[in-house]
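Coordinates in review
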Amino acid sequence: MSDKKPMPRIEVYNRLAAAHTSGTGNKESFKRPAPPPPPNVAATPVPPVQTPGEKSAELSPVELPSNFIPYDFQTLYVRPIRGIHQSKFTLSAKKQSVRILVETVSSLLEGTSAFDLTVADFRWLLYYLRKVNYVRVPLTVTAYCSNEDHLKRVQKEEVHADTLKNIGSLNQSILDERALDQELLNSTIAQDEILQKMPLGWQTMRDLVEIVERSDSTGEDIDDWVWLAEMASFVKKDQGGQTLTLQQRIDYVAQLTPEETTSLAKYAQLSGDYGVSEFIRMRCKECGAEILEPFQLSARNFL
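Every chain is numbered independently, its residues counted from 1 as its sequence is written. The predicted origin of the model limits local features to residues at a pLDDT of at least 70 and limits the giving and counting of side-chain atom pairs to 80 or more, whereas totals for whole chains, interfaces and linings rest on all residues. Only hydrogens and water are set aside when side-chain values are computed; all heavy atoms of the structure are taken into account.

Strands qualify as paired when DSSP identifies two bridges or more between them. Secondary structure is summarised from DSSP: a helix means a run of H or I of at least four residues, a strand means a run of E of at least two, and numbering begins at the N terminus for each. Judged by pairing direction, the sheet is antiparallel, and its three strands sit side by side in the order 1-2-3 without closing on themselves. A single partner strand is all that each edge strand has here, and the edge strands are strand 1 (60-61) and strand 3 (109-110). Sheet topology note: the strand 2 (residues 77-78)/strand 3 ladder contains two bridges and is antiparallel. Of the residues in strand 3, the one forming a bridge with Y77 is E110.

This is the structure:
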């Protein structure tokens, strides 16, 4: 029996997201009854949810980097973040809960559930929400210059080591963004006979939430299981008039040949290779060299 402990939820989430790779997520579960007001104090009524036709000023259209190719809808509207949403983002960070994070984002959307967005689109949407709603409260990012000449000057004590440290903000930095290359994806499938026979789909946040939550109880086979689940999330869910569960798709992947899993992995990489690259570019304040700093927005650092 292995002594290996299950990987913490947030670590599984970060690992899968960094590689660009649900039970059933339900945005209605976000709603909670308001606590009773203090004695002799009237409760403040919660304003009703508005649709684009009722109050378009409260909703902003967004263009996803996937160009809506994975979906059966072509428009998406986003509400501004309010205190009730911020409280849920805080709870998500405290509990390191990906589900609460997705439920909160779902409550901001008009047109679909965040659980049904691809992982790449969801992560792009997180950056969008953070930059648009927290203009006066920018998320700070610390990066260190690695320029060779700058490092030599520090070693010679010509400049202080603190000059290597640079602090920027998410709003001021440049995020590399890429649109989904549908032409490349289609040509890859057309040139691969194995992929042409496979029921290919899109990995969604619904898949990712289930992978994260189930990984807690998978035990010593966690690495093997996560790999199977990750590959299975790129298998089409709706087949033959029924919706396949993640476990049913895992069972399918478990019986694939090495050649088939290699082709499926190639498709998985290409179908998720868009959105935010999650590197922040900035200039060193001392020497002006460009700094490329890895950065990953998540429940822990959203606020």
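Here, nonpolar core means buried Ala, Val, Leu, Ile, Met, Phe, Trp, Tyr and Cys residues that are tied together by side-chain atoms lying within 4.5 Å of each other. For the exposure calls, accessible area comes from a 1.4 Å probe over protein chains only, and a residue counts as buried if that area is under 20% of its type's maximum, exposed if over 50%, partly exposed in between. V102, V105, L109, L117, F122 and L125 are the most contacted members of the largest nonpolar core, which has 45 residues in total. For this core, the secondary structure elements donating two or more residues are helix 3 (98-107), helix 4 (119-133), strand 4 (140-144), helix 8 (205-215) and strand 9 (275-283). Counting residues per element, this core draws most heavily on helix 4, which supplies seven residues. Leaving out residues up to four positions away in the same chain, V105 has contacts with F89, A114, F122, L125, L126 and L129. Core analysis: the next-biggest nonpolar cluster, separate from the first, contains 21 residues, I211, A232, F234 and L256 among them. Contacts are assigned to residue pairs with any non-hydrogen atoms lying within 4.5 Å of each other.

Right, let's get into the state of the cysteines. Formally, a disulfide is one covalent bond, and it connects the sulfur atom of one cysteine to the sulfur atom of another. The disulfide definition used here is simple: a pair of cysteine sulfur atoms within 2.5 Å. Taken as a whole, this structure holds zero disulfides when the rule is applied. Between C145, a free cysteine, and C287, which holds the nearest cysteine sulfur, the sulfur-to-sulfur gap is 3.7 Å. Taking the relative accessible area as the measure of exposure, C287 reaches 32% and is therefore partly exposed.

Position of S113 among the secondary structure elements: in the loop between strand 3 and helix 4. Once the C-alpha coordinates of S113 and M205 are considered, the two residues, 92 residues apart in sequence, prove to be 9.7 Å apart. Of note is the side chain of S113, whose polar atom sits 3.1 Å from the backbone nitrogen of F115. Pairs of N or O atoms are called polar contacts if they sit within 3.5 Å, as long as, within protein, a hydrogen donor faces a hydrogen acceptor (for residues adjacent in sequence, only side-chain-to-side-chain pairs).

As a further point, take unusual backbone geometry. One non-glycine residue, N67, lies in the positive phi region at around 60°. Along the chain, the position of N67 falls in the loop between strand 1 and strand 2. The backbone phi angle of Q96 is positive, close to 50°, even though this residue is not glycine. Structurally, Q96 can be placed in the loop between helix 2 (83-95) and helix 3.

On to the pattern of salt bridges, then. Opposite charge on two side chains permits them to pair, given that their charged atoms come into close proximity. Throughout this description, the term salt bridge denotes a Lys or Arg side-chain nitrogen within 4 Å of a carboxyl oxygen of Asp or Glu. Per the stated rule, a full pass over the model turns up 13 salt bridges. Between R153 and E158 there is a salt bridge, with the nearest N and O atoms lying 3.9 Å from each other. The class for R153 is partly exposed, based on a relative accessible area of 29%. Accessibility expressed as a relative area gives 52% for E158, which makes it exposed. A salt bridge links R153 to E286; the shortest N-O distance between them is 3.5 Å. A residue pair is termed long-range when its members are at least 10 positions apart, and R153 in helix 5 (residues 148-155) and E286 in the loop between strand 9 and strand 10 (290-294) qualify at 133 residues. What you see here is one network of salt bridges that share partners, running through R153, E158 and E286.

For any pair of aromatic rings, the description rests on two quantities: the centre-to-centre distance and the angle between the ring planes. Two aromatic rings from Phe, Tyr or Trp, using only the six-membered ring of Trp, form a pair when their centres are within 6.5 Å; if the ring planes differ by under 30 degrees the pair is stacked, by over 60 it is edge-to-face, and anything between is tilted. Scanning the model with the defined rule gives four aromatic pairs in all. A ring pair is formed by W124 and Y128, whose centres lie 5.5 Å apart and whose planes are at 15°; its orientation type is stacked. Of this pair, W124 and Y128 both sit in helix 4, four residues apart, roughly one helical turn. The exposure class of W124 is buried, given its relative accessible area of 11%. Assessed through its relative accessible area of 22%, Y128 is described here as partly exposed. Here F234 and Y267 contribute two aromatic rings whose centre-to-centre distance is 6.4 Å and whose plane-to-plane angle is 90°, an arrangement assigned as edge-to-face. With F234 in the loop between helix 9 (222-232) and strand 7 (238-239) and Y267 in helix 11 (residues 258-271), the pair connects residues that are 33 residues apart, well separated along the chain. On the basis of relative accessible area, Y267 is assigned to the buried category, the value being 4%. Each member of the aromatic cluster is reached from another via a ring pair, and the members are F68, Y71 and F73.

Keep in mind these numbers describe shape, not what the thing actually does.
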